[in-house]
Structure formats: C-alpha cells, structure tokens
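This is what each chain is made of:
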Amino acid sequence: MREDGEEKSVAYKPTDPNATVNAEGYWKRENGNVLPVSASDLERYTYCPLSWSLAAHGHAGKGEEIIKGQESHKAIHDIYSEYQHLRIQTKRNLLIWQWWYAIVLVLVVDAVLFRGFSRSSFDTDEFSKLLATWALSCLVVGIGALLLPWRSLIGMEIHQDSTIHFSAENKAVVEPYFEPRGFKGGWFEGGRIEVAFFMAAIVMALHSMALRFASNKEQAGYVFAFIAICWTLMASLQLQRALIANTKSLDLAEENNISIGTDVAYSDDESTSDLLIDRETGLRGRPDQIVIIDGEFIPVEQKTGKVPKRPHDSHSMQVLAYAHLIETMTGRTPPYGILRYGEEDLHVIDWNAKTKASLLERIKTIQEVMAKGGAARNHNRPGKCKNCSRRYACPDPLDP
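Residues numbered from 1 in each chain as written. Predicted model: local features only at pLDDT ≥ 70, side-chain atom pairs only at ≥ 80, totals over all residues. Heavy atoms only, no water.

J.: Before we move on, can you summarise the overall build of the protein with the specific residues and values?
T.: Within the protein, the secondary structure is distributed over 11 helices and 10 strands. Across the 400 residues that make up the protein, the buried fraction comes to 39%. Relative to all contacts within the protein whose residues are 6 or more apart in sequence, the contacts with residues 24 or more apart total 73%. (Helix = DSSP H or I, 4+ residues; strand = E, 2+ residues; numbered from the N terminus. Buried < 20%, exposed > 50% of the residue type's maximum accessible area, 1.4 Å probe, protein only. Contact = heavy atoms within 4.5 Å.)

This is the structure:
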C-alpha cells in the first residue's frame, strides 16, 4: 500500500520524462507530438505550479466551490445559447419577412398592370411571348453556365464568403451558401450568377403564363390584389415573430448584462463544443464564449465566486490562451479578450506582441516541468494555500 508521503511526493515527478525539446523550444513526445498544454493548465500553473502538478497526476480539486462553479458555468452557457438562439430566430424571421414583403410588392404591381392592360390596347399576347423568350434565354444561359467551367476560362476571381473555423477538424462556424472554398464553377457546380439566371427564368416564365392564359385581365387584377392582401397578413405575422424573438433576446441581454447586439459564435458546454487546438505549440482549450464585437472574434472567460479587486494573473493568462487559439484557428487576430467576474465586473485583457510572448514562454515552461518534473510552490500566502482545492495532497503547504 502506498504511503501518504509517497502520494504527495508525486507532485515533483515528471509526467513525460521521455520528452525532448525542439528547435523552437517546445517539448515533444517520442511520437513527434508536442506536449499538450490546456488553457486550464496555464491557469492552474500560474496560480500555483504545485496545484497544477497535482492535477496533472490525477488529484482532482475538492470542495463545494468546485461544484458551484461547474453549475454556474452550465447556467451561463444555457443563457448564452438561449440568447443566440433568439438572435438567430430574429434574423431568420426578418429575412423571411423581407422576401414575403417583396412578393407583396410584386403582386401589387401585377394587379395594377393587369388592370391597366384591361383598359388599353396593349398586346399582352405579344408581351407574353417576349417574356417567354427571355425566360428561355435565361434558362439556356444558366444551364450552360452550370455545365461549363467558364470562370476558369476567363480567369474570373472568386470573392469567397469568409469561412471561420473553430475546431481542429475544420468544422465551419459559418458555411457559405454559394461559392465555398475551392469553388471553380461548371461541371454541375453553380454559384450566385447561375442562381440569378435561374430565378430570372422562373419569374419571367410565371408572368408570361399569367399574361397568356388570363382571359379576363381585370378579373386577374382583382385576384392579384386579393392575394397581395392575404400575403401582407402572412408577412405581418412573420414580422411579429421576429419582433417577439427580438424582445426576448433584449430582455435576456439586459438581465444578464450582455451587450445589446452581441453575436455568440461559440459557447462551451464541455460535451459538444469543439476543442480548439494549436498543434505547433500544443496549446488547446475551450473558451466559455467567443462573441463577435465590431466584426472581431473576442474570447470571453466567465469566473464565478468572489469578485477580486483586480484580475488574477492566472485568469488573465487563460484569456490570453484563448486569444491565441482564436488567432490560430481563424487567421484573424483579436485585439483583446474579456475576463468577467459575476454579472457586471468586466476586464479587457490586451492581446499584443508582448502578451503573446509571455504566453508562449509560459507554455514552454510548463512543458519543461512536464518533461523534467520539479514543480514548486510560487507564493508565500497562507490564505491562498488554505483555499486551494488540492491542499489535501500538497507536499509543501503553508500553515494557515
């Protein structure tokens, strides 16, 4: 049976004694993979290397605060997920309303035109034939554009939608509807231009048939007007849905101090959220949230419990880790990260060359301790030591 002293002394031992350092200063295992360092590792190590080492050797944190923190984080995730769901509902319903309102305008114009045609000598049959010809031309051009890679032949540059990735598996947060990465067109692959030709063909064909087969133009005008009224009522209901969803999202944002208009690109629930990974440094982690502010992806780290007078260095280091992961996964540099204590205490953690250098140096330090061992307590604060959730296994605790 292992003695208590032996169990505590394990904190000084390396977890990866066979690791070797590469030219960049990062430590690798025998299989060539860089030693993994999570954002939580950075937080624990900065708080106290001994506490981190105990966690690395399987000593879980104990105490009611751990359970309360997990429950609070789940509640925060649920709030942000519900908020973003309402935001998406609002945008989707508004988009549908815009399309339906456009249909209403088309129906009104058609009603007016049919009423005018009934009182004029305008030859609707000839105009119907002209529309049919245009529709057929658009259809032929669209099919030809769909079959032939004409963009490559004329050297056309494709302006692709921005696809942002937040996972090692390259799962996209926002997938473009048209012209995705690698799009060239042709061979049954179409983009915006092909869709425009097909839509134009459908619209002109429908109007051509309406002009050709409506025996009583005035009566057809009244029918179009009636349909326009009915469609207006449907569009109004869709607008009402958008307004209701928007009101709920605003109420939820106000209750939880979420900036109005904030979009949530990522929220961690520890089970379905993708792990962000930088394979060159070994850094990995799941930020609590990634929000979109002024078009930039900003990491947000939520901390529950007692609100400190100033941000803890360990928490700030964790935010820097998430900023680096966002930069690595998206190729876009966030100007800062957000550290949030409670509902109202927010701190901006700058992400720049200086903070990035300190983050990378800390990663290398942790990897070196993983390879060589020898983690040591980095403070002389009895109160901090007393509140450590791994004090029960610590080989070098301070007297309270």
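J.: Account for a nonpolar patch on the surface, naming residues and giving values.
T.: There is a patch of nonpolar side chains on the surface, built from L136, L139, V140, I143, L147, L148, W187 and F188 and spanning about 850 Å² of accessible area. Along the chain, L147 falls in helix α5 (residues 124-147). (Patch = residues over 30% accessible without salt bridge, like charges linked within 9 Å, V, L, I, M, F, W, Y side chains within 5 Å. Areas by Shrake-Rupley, 256 points an atom, 1.4 Å probe, with all protein chains shown as cover. Salt bridge = Lys/Arg side-chain N within 4 Å of Asp/Glu carboxyl O.)

J.: How would you summarise the packing of aromatic side chains if you had to cite specific residues and measurements?
T.: Inspection of every chain in the model, using the stated rule, returns one aromatic pair. In this structure, K364 is placed above the aromatic ring of Y26, and the distance from its NZ or CZ to the ring centre is 4.9 Å. One cation-aromatic arrangement involves K384 over Y47; the distance from NZ or CZ to the ring centre is 4.5 Å. (Phe/Tyr/Trp six-rings, centres within 6.5 Å; stacked < 30°, edge-to-face > 60°. Lys NZ or Arg CZ within 6 Å of the ring centre and 35° of its normal.)

J.: Talk me through the nonpolar core; I want residue IDs and the actual numbers.
T.: Formed by 35 residues in total, the largest nonpolar core has its most connected members in L42, L283, L359, I363 and I366. Broken down by secondary-structure element, the contributors of at least two residues to this core are α2 (39-47), α9 (313-330), β9 (336-341) and α10 (353-372). Ranked by residue count, the leading element in this core is α9, at nine residues. C48, L50, A393 and C394 belong to the second-largest nonpolar core, a separate cluster that totals six residues. (Core = buried A, V, L, I, M, F, W, Y, C linked by side-chain atoms within 4.5 Å.)

J.: Please provide a residue-by-residue account of the packing of α2 against α10, values included.
T.: Relative to each other, α2 and α10 sit at 80°, their axes nearing to 11 Å. Our classification of the angle between α2 and α10 gives roughly perpendicular. In this structure, α2 contributes D41, L42, Y45 and T46 to the contact, and α10 contributes L359, R362, I363, T365, I366 and V369. By residue class, the composition of the contact of α2 with α10 is six nonpolar, two polar and two charged. (Axes fitted to C-alpha atoms, helices over the stretch in contact; angles between N-to-C directions. Parallel < 35°, antiparallel > 145°, perpendicular 65-115°, else oblique. Nonpolar A, V, L, I, M, F, W, Y, C, P; charged D, E, K, R; others polar.)

J.: Please give an account of the environment of N378 that cites residues and values.
T.: Checked against the element boundaries, N378 lands in the loop between α10 and α11 (382-386). Overall, the relative accessible area of 42% leaves N378 in the partly exposed class. Separated by 329 residues in the primary sequence, N378 and P49 place their C-alpha atoms 6.7 Å from one another. Not counting chain neighbours up to four residues away, the residues in contact with N378 comprise Y45, T46, Y47, C48 and P49. Among the polar contacts listed, one links the side chain of N378 to the backbone oxygen of T46, at a separation of 3.2 Å. (Polar contact = N/O pair within 3.5 Å; in protein donor to acceptor, adjacent residues only side chain to side chain.)

J.: Got a sec to walk through the environment of V112? Specific residues and values, please.
T.: Topologically, V112 is positioned in helix α4 (residues 64-118). Exposure remark for V112: the relative accessible area of 57% places this residue in the exposed category. Expressed as a C-alpha distance, the spacing of V112 and A225, which sit 113 residues apart in the sequence, is 8.4 Å.

J.: Help me get a handle on the pairing of strand β8 (residues 296-303), residues and values and all.
T.: Burial analysis of β8 places seven of its eight residues in the buried class, which makes it a mostly covered element. Here strand β7 (residues 289-293) runs beside β8; their pairing, made up of five bridges, is antiparallel. Looking at β8, one finds that V291 is bridged to I298. Where β7 folds back onto β8 in an antiparallel hairpin, the turn is made up of two residues, including D294, whose phi is positive at roughly 55°. Direction of pairing for β8 relative to β9: parallel, over a ladder of four bridges. Looking across to β9, one finds that K303 is bridged to Y341. Taken together, β8, α9 and β9 form a β-α-β motif whose crossover is right-handed. (Pairing = 2+ DSSP bridges. Right-handed = clockwise from strand over helix to strand, strands pointing away.)

J.: Quick rundown of the pattern of salt bridges? Include the residues and the values.
T.: Side chains that differ in charge, positive against negative, can pair when their charged atoms come close. Counted by the stated rule, this structure contains eight salt bridges. Residue R44 pairs with D41 through a salt bridge whose shortest N-O separation is 3.7 Å. Residue R44 and its partner D41 are located together in helix α2, separated by three residues, close to a single helical turn. Residue classification places R44 among the partly exposed residues on the basis of a relative accessible area of 25%. The shortest N-O distance in the salt bridge between E327 and K356 comes to 3.0 Å. Residue E327 is located in helix α9, and its partner K356 is located in helix α10; the two are separated by 29 residues in the primary sequence. Of the residues examined, E327 reaches a relative accessible area of 15% and is grouped as buried.

What is shown is where atoms sit, not what they do.
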